[in-house]
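# Structure at a glance
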Amino acid sequence: MKDVFPVHYDIEFEPDFKKFTFRGKEKVSIKISRTTSKIVLHSAELEIKQCKIEHNGKEIKPKIVLNSKTEELTLVLPQKISGTAVLSIDFIGHLNDKLVGFYRSKYQYKGKEKHLATTQFEAADARRAFPCWDEPEAKATFDVSLLVDNNHTAISNMPVISKKKVGQKTLYKFDTTPIMSTYLLYLAVGEFESISGKSGKTLIRVITTQGKKNQGKLSLEFTKQFLSYFEKYFKIAYPLPKLDMIAIPDFASGAMENWGAITFRETILLYDPKTSSTETKQHIAEVIAHEIAHQWFGNLVTMKWWNDLWLNESFATFMATKAVDTLYPEWDFWDQFLISEMTGGLSLDSLKSSHPIDVPVKSPSDVRQIFDEISYNKGGCVLMMLENFIGEDNFRKGLHGYLKKHEYANATTEDLWNSLGSISRQPVRQMMNTWVRQIGYPVIETEIKDSKLKLSQKRFLLESNGKIKQGNWIIPLSVRMGNKVVTKLMKGQMTIPYNADWFKVNDGQKGFFRVKYDQIALDSLGRLIEEKTISNVDRWSIHHDLFALCISNQISFRDYLDFVKHYEDEDDYVVLSDIIGSLNFFYTALSKEEFWQEIKEFNQDFFNKIFARLGWDAIKGEKSTTALLRGQVISSLGRLEDEKIIAEAKSRFSNMLKTGQLNPDLRGPVYSIIAWSGDSTTYQKILGLYRKAPTQEEMVRLLSSLANFQDKKLLTKTLSFTLSKEVRTQNLFQPIARMVTNPHGKELVWPWIKQNWKGIVSRFGVGNPLLNRIVGSVSIEADLEKEKEIKIFFTRHHVPGTEMKLAQTLERIRIHARFIQNVRKEFS
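Quick summary incoming for the structure in this document. (Residues numbered from 1 in each chain as written. Predicted model: local features only at pLDDT ≥ 70, side-chain atom pairs only at ≥ 80, totals over all residues. Heavy atoms only, no water.)

## Things to note about the overall build of the protein
For clarity, the cut-off: Only DSSP runs of H or I reaching four residues or more are called helices, and only runs of E reaching two or more are called strands; each is numbered from the N terminus. All radius of gyration figures rest on C-alpha atoms, and the globule criterion is 2.2 Å times the number of residues raised to 0.38. Per-residue accessibility, obtained with a 1.4 Å probe over protein chains only, is compared with the maximum for each type, and a residue is labelled buried under 20%, exposed over 50%, and partly exposed between these values. It only takes one pair of heavy atoms within 4.5 Å for two residues to be counted as in contact. Computed with a 1.4 Å probe, the accessible areas rest on the Shrake-Rupley method; for each residue, only the protein chains presented here act as cover. A residue counts as positive if it is Lys or Arg and as negative if it is Asp or Glu; His and the chain ends are not included. A charged residue contributes its charge at one atom only: NZ of Lys, CZ of Arg, CG of Asp or CD of Glu.
The number of helices and strands found in the protein is 25 helices and 27 strands. Computed over the C-alpha atoms, the radius of gyration of the protein is 27 Å, within 12% of the 28 Å expected from 2.2 N^0.38 for a compact globule of 828 residues. Here the protein holds 828 residues, and the buried ones make up 60% of them. Sequence separation of at least 24 residues holds for 70% of the intrachain contacts in the protein that already meet a minimum separation of 6. A total accessible area of about 32500 Å² is found for the protein, and carbon and sulfur atoms account for 48% of it. Here the protein contributes 114 positive and 99 negative side-chain charges, whose respective centroids are spaced 5 Å apart.

## What about the side chain of Lys600?
When you line up the elements, Lys600 lands in helix H14 (residues 596–614). For Lys600, a relative accessible area of 9% translates into the label buried. Beyond its immediate sequence surroundings of up to four residues, Lys600 is in contact with Tyr587, Leu640 and Glu641.

## With respect to the sheet that holds strand S25 (residues 494–497)
Backbone-to-backbone hydrogen bonds join strands into a sheet, with any given pair of strands oriented parallel or antiparallel. Heads up, the rule is: Whether two strands pair depends on DSSP finding at least two bridges between them. A fitted line through C-alpha atoms serves as each axis, taken over the contacting stretch for helices, and the angle formed by two N-to-C directions is quoted from 0 to 180°.
A sheet is described by the order of its strands in space; here 4 strands give the open sequence S25-S22-S21-S27, paired in mixed fashion. With one partner strand each, in any of the chains shown, S25 and strand S27 (514–516) form the two edges of the open sheet. Across the sheet, the axes of successive neighbouring strands diverge by a mean angle of 25°, strand direction being ignored.

## Here we look at the nonpolar core
For clarity, the threshold we go by: Remark: nonpolar core denotes a set of buried residues (Ala, Val, Leu, Ile, Met, Phe, Trp, Tyr, Cys) joined through side-chain atoms within 4.5 Å.
In terms of nonpolar packing, the biggest core is built from 284 residues, with Phe130, Phe226, Phe230, Phe557 and Trp757 touching the most fellow members. Examining the composition of this core, we find that 11 residues originate from one element, helix H13 (residues 573–589), more than from any other. Discounting residues that sit within four places of it in the chain, Trp757 has contacts with Leu771, Ile774, Val775, Phe793, Phe794, His797 and Val799.

## Considering unusual backbone geometry
Here the amide bond leading from Glu122 into Ala123 is cis, since omega sits at 5°, within 30 degrees of zero. Relative to the helices and strands, Ala123 is located in the loop between strand S8 (112–120) and strand S9 (141–149). A positive phi is found at Glu71, a non-glycine position, where the angle reads about 55°. By the element assignment, Glu71 lies in the loop between strand S5 (63–67) and strand S6 (72–94).

## A closer look at a negative patch on the surface
Our working definition: For patch building, the residue pool is restricted to those with more than 30% relative accessible area and no salt bridge; the joining distance is 9 Å between like charges and 5 Å between nonpolar side chains (Val, Leu, Ile, Met, Phe, Trp, Tyr). Each reported salt bridge corresponds to a side-chain nitrogen of Lys or Arg within 4 Å of a carboxyl oxygen of Asp or Glu.
A contiguous patch of negative charge on the surface is contributed by Glu530, Glu531, Asp569 and Asp571. Following the sequence through the fold, Asp571 ends up in the loop between helix H12 (557–564) and H13.

## Quick notes on the packing of aromatic side chains
The description of two aromatic rings rests on the distance between their centres and on the angle between their planes. Going by this rule: By convention, a stacked pair of Phe, Tyr or Trp rings (six-membered ring in the case of Trp) has centres within 6.5 Å and planes under 30 degrees apart, an edge-to-face pair has planes over 60 apart, and any other such pair is tilted.
Applying the stated criterion across every chain yields a total of 59 aromatic pairs. The interplanar angle of 20° and the centroid separation of 6.0 Å between the aromatic rings of Tyr441 and Phe460 together place this pair among those described as stacked. With a gap of 19 residues between them, Tyr441 in the loop between helix H9 (428–436) and strand S21 (442–449) and Phe460 in the loop between strand S22 (452–459) and strand S23 (474–481) connect regions that are remote in the sequence. For the pair formed by Tyr441 and Phe460, the shared burial category is buried. Ring geometry for Tyr683 and Phe709: centres 5.2 Å apart, planes at 50°, overall tilted. Taken together, the positions of Tyr683 in helix H18 (residues 680–692) and Phe709 in the loop between helix H19 (696–705) and helix H20 (712–722) put the pair 26 residues apart, joining distant regions of the chain. Here Tyr683 matches Phe709 in class, with each residue buried.

## Details of the pattern of salt bridges
Applying the stated criterion across every chain, the model contains 53 salt bridges. Note that Lys609 and Asp605 form a salt bridge whose closest N and O atoms lie 3.4 Å from each other. On the criterion of helical spacing, the pair formed by Lys609 and Asp605 is a turn pair, its members being 4 residues apart in helix H14. We classify Lys609 as partly exposed; its relative accessible area is 30%. Between Arg691 and Glu726 there is a salt bridge; the shortest N-O distance is 2.7 Å. Taken as a pair, Arg691 in helix H18 and Glu726 in the loop between H20 and helix H21 (733–739) lie far apart in primary sequence, 35 residues in all. On the basis of relative accessible area, Arg691 is assigned to the partly exposed category, the value being 47%.

## Some thoughts on helix H11 (residues 536–551)
For clarity, the threshold we go by: Each residue after the first adds 1.5 Å to the expected span of a helix.
The end-to-end C-alpha separation of H11 is 23 Å, in line with the 22 Å expected for 16 residues at 1.5 Å each. Looking one or two residues beyond H11, the residue adopting positive phi is Asn553, at roughly 65°.

## Remarks on the sheet that holds strand S10 (residues 153–156)
Strand order in the open sheet made by the 4 strands is S7-S8-S13-S10, with antiparallel pairing throughout. At either margin of the open sheet sits one strand with a lone partner, and together these are strand S7 (101–109) and S10. Sheet twist, expressed as the average angle between the axes of neighbouring strands with direction ignored, equals 15°.

## Side note on the packing of H14 against helix H15 (residues 624–639)
For clarity, the cut-off: Relative orientations are named as follows: roughly parallel for angles under 35 degrees, roughly antiparallel for angles over 145 degrees, roughly perpendicular for angles from 65 to 115 degrees, and oblique for any other angle. Definitions for this section: a left-handed crossing has its near helix turned counterclockwise from the far helix by less than a right angle. A right-handed crossing has that turn clockwise. All amino acids are sorted into three groups, where Ala, Val, Leu, Ile, Met, Phe, Trp, Tyr, Cys and Pro are nonpolar, Asp, Glu, Lys and Arg are charged, and the leftover types, Gly among them, are polar.
Remark: H14 packs on H15, axes separated minimally by 10 Å, with the N-to-C direction vectors making an angle of 140°. By the angle class used here, H14 and H15 are oblique. Seen from above, H14 lies across H15 with left-handed handedness. Judged by residue contacts, Gln604, Phe607, Asn608, Ile610, Phe611 and Leu614 of H14 engage Thr626, Leu629, Arg630, Val633, Ile634, Ser636 and Leu637 from H15. For the contact of H14 with H15, the per-class residue count stands at 8 nonpolar, 4 polar and 1 charged.

## Section: the packing of helix H6 (residues 374–390) against H9
Two numbers describe a pair of packed helices, the interaxial angle and the distance between the axes. Relative orientation of the contacting elements H6 and H9 amounts to 155°, with a least axis distance of 11 Å. It follows from the interaxial angle that H6 and H9 lie roughly antiparallel. The interaxial crossing formed by H6 with H9 has right-handed handedness. When H6 is examined against H9, the residues Lys378, Val382, Met385, Leu386, Phe389 and Ile390 are found in contact with a partner set consisting of Val428, Met431, Met432 and Trp435. Looking at the contact of H6 with H9 residue by residue, the classes come out as 9 nonpolar, no polar and 1 charged.

## With respect to the layout of surface pockets
Put simply, the rule reads: A cavity, in this analysis, means grid points on a 1 Å lattice covering only the protein atoms where a 1.4 Å probe fits yet has no way out; a pocket is instead an open set bounded by protein on both sides within 12 Å along at least five of seven lines, and a residue lines either one if it has an atom within 4 Å of a point. Grid points are joined across faces, edges and corners, and a volume is the space filled by probe spheres set on the points.
A volume near 1100 Å³ is recorded for the largest pocket. Lys106, Tyr107, Asp250, Lys725 and Arg728 are, among the 41 residues lining the largest pocket, the residues nearest its centre. Per-element accounting of the lining of the largest pocket gives the leading share, 6 residues, to S7. The class makeup of the residues in the lining of the largest pocket is 12 nonpolar, 12 polar and 17 charged.

## Side note on the side chain of Glu787
As for its position among the elements, Glu787 is in helix H24 (residues 784–796). For Glu787, a relative accessible area of 9% puts it in the buried group. Residue contacts for Glu787: discarding those within four places in its chain leaves Leu810, Ile813 and Arg814.

Okay, structure coming up:
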């Protein structure tokens with residue numbers, strides 16, 4: 001801890017919606033552990049109007065030094081002080097539109113433009129709202145007051161304890177918070193409405209802008225259920241008297257776990273039964289569970305420093321899946337975990353430019369870069385692997401001990417390993433450090449020789465040229481041999497006695513690694529896939545690993561396609577979703593090749609067999625995942641120009657224009673197909689629907705479909721529209737993400753980014769996580785000359801916080817280029 005640190009903040013804010021500024025004044029009680037003549041804290045984009053320090057009954061006026069690069073405020077004192085003191089600062093800030101710090105959000109109500117003010121402080125943006133020690137370990141208590149216009153309501157982490165008129169305004173005072181980090185503080189001012197309920201003694205509110213509170217009913221029920229679940233699971237009561245779930249029109253990430261006042265994008269909190277899809281319903285549940293899990297993992301116990309961000313995010317990812325699966329087992333959420341989490345984790349960590357879970361962090365821009373598939377997805381998968389290794393009961397007891405020991409304080413990864421290791425009496429630290437501290441993951445290669453199964457490991461990489469550190473992992477291994485499962489802790493190489501007809505490594509896909517089988521073993525597994533002798537999860541993992549081996553040129557593309565034929569009678573969502581995603585990737589990536597027609601026909605044949613079993617309409621009693629699969633297959637067949645699918649989509653779209661009726665699960669696919677087969681008249685129809693869309697969910701669907709036309713002029717129009725005021729900054733990425741998967745649009749994206757880079761950066765602002773998504777979108781490119789051009793461009797137009805994403809993007813371009821070169825040789 002530093003020599004000077006805060007104990008308590010007493011802060012008042014007064015936002016001005018005419019000037020989009022805010023006035024603030026704070027009194028910070030500080031402790032000075034070592035005599036000093038200067039105090040250093042964080043401040044960014046704030047104008048300091050006045051500053052004084054009260055120490056031993058005397059008032060000291062410091063010299064103020066602001067450093068905009070380091071975002072530090074240094075107070076130089078005329079004398080040395082120690083012990084305790086009170087620091088008073090008056091300041092002015094800007095209610096920005098960059099979705100960070102204390103910012104403004106715009107929306108329409110009854111034809112009028114309105115604004116609200118809200119905050120997003122993680123990772124290091126509390127300093128944009130008030131001068132503070134903006135680091136996780138600098139925990140303090142907070143007394144917050146908000147002086148607001150009489151027509152506005154104020155919200156913070158704690159309940160309101162007093163409310164009084166001050167001239168033309170109202171002063172809201174909130175109860176004192178528990179001791180917590182600055183990034184978890186929350187402020188909101190606006191014209192809100194809410195619905196409420198209770199979970200035990202805890203008041204729960206779903207808060208929205210005017211006219212939307214009834215769309216919060218589903219989220220209110222989910223919140224009650226998940227709060228109760230986690231209190232029972234952790235055996236620690238939720239410590240605050242209230243929990244607000246707040247829908248914000250403009251929001252950079254999906255949601256934010258501010259203690260007692262969780263914020264969400266509207267699409268992730270609001271649900272309209274008439275227009276919201278099955279996917280949206282399940283996503284709302286998962287994100288609510290994720291954010292509520294943070295109230296213990298992250299808020300009650302906080303990482304000491306950002307290198308342990310994964311202690312927050314991986315746990316929330318893992319625990320959310322556990323909670324949703326417990327309460328809604330019919331959703332098969334652990335199976336869906338493979339798609340939502342393991343796929344992204346394995347993909348990013350197969351790059352040389354990935355990073356370890358426990359990663360060195362020096363600056364705010366470093367922190368912002370690691371909110372990615374390693375800190376969330378890989379970490380969540382590694383925890384699943386660990387729980388499977390030590391057992392659910394030991395895992396739960398270890399977590400309880402860890403949370404109790406470090407509550408209202410900070411902890412490190414080592415603290416967690418100590419707790420889980422002492423309960424389970426297993427080598428947790430030794431094993432887990434190989435997964436958390438080193439980059440990448442292994443591929444296990446198999447060989448049968450002399451009635452023995454030989455297993456060896458090496459680091460799996462999609463791009464294997466050049467010298468690279470191989471790594472060595474302690475792997476909790478499970479191998480199914482017929483009806484028997486062998487479990488071992490694998491270090492380096494391993495040999496297992498073998499006397500069965502077949503084997504499958506990584507039984508149940510609990511381990512975070514890939515497997516490469518020889519041809520004989522693969523042929524055996526192909527037959528088992530056809531017979532469905534092995535589980536859906538194991539059928540998923542065999543395909544998933546083969547796809548990665550194909551992209552990395554370790555097996556041929558033709559061999560991959562031949563193996564996929566084993567799945568022609570597959571009926572499981574998680575397996576088919578993975579295959580559909582892979583075949584669609586090849587359809588887009590190889591769209592300029594002479595043999596594209598052959599790939600197109602393969603996809604048509606495969607997808608039609610799935611569609612024949614599903615049809616257009618839901619059957620009573622079918623699983624919710626069937627609705628997800630139906631949407632994927634119909635969208636894919638539309639892009640493959642299936643005439644019957646296109647005709648039916650047009651019929652349903654036409655009927656919707658007349659009646660307003662269309663199954664929410666089919667809206668996305670139908671809009672996508674209408675665009676694909678449409679012209680400029682169709683474009684105007686979709687644009688008109690977008691402008692009148694009643695919910696943000698519907699707006700995003702329609703906006704994405706504008707990137708699905710085949711006409712390049714219309715696609716160029718969509719790119720221009722993306723930067724207009726009609727598209728919220730938070731949604732700007734949606735049409736770009738869709739366009740890079742459009743064979744007719746993918747080549748337009750990079751020139752557009754290059755031409756509009758200044759405007760894009762200006763729109764997002766430095767430090768906005770959405771900027772990295774734009775950089776990452778060009779990874780679909782597959783041209784080594786283009787890779788050089790992109791590298792030079794971003795070197796010349798460098799934005800702090802994009803370095804890691806750029807390296808990963810360039811690596812993916814090289815991988816795609818070499819993959820296509822190899823496929824060309826196969827087909828020549």
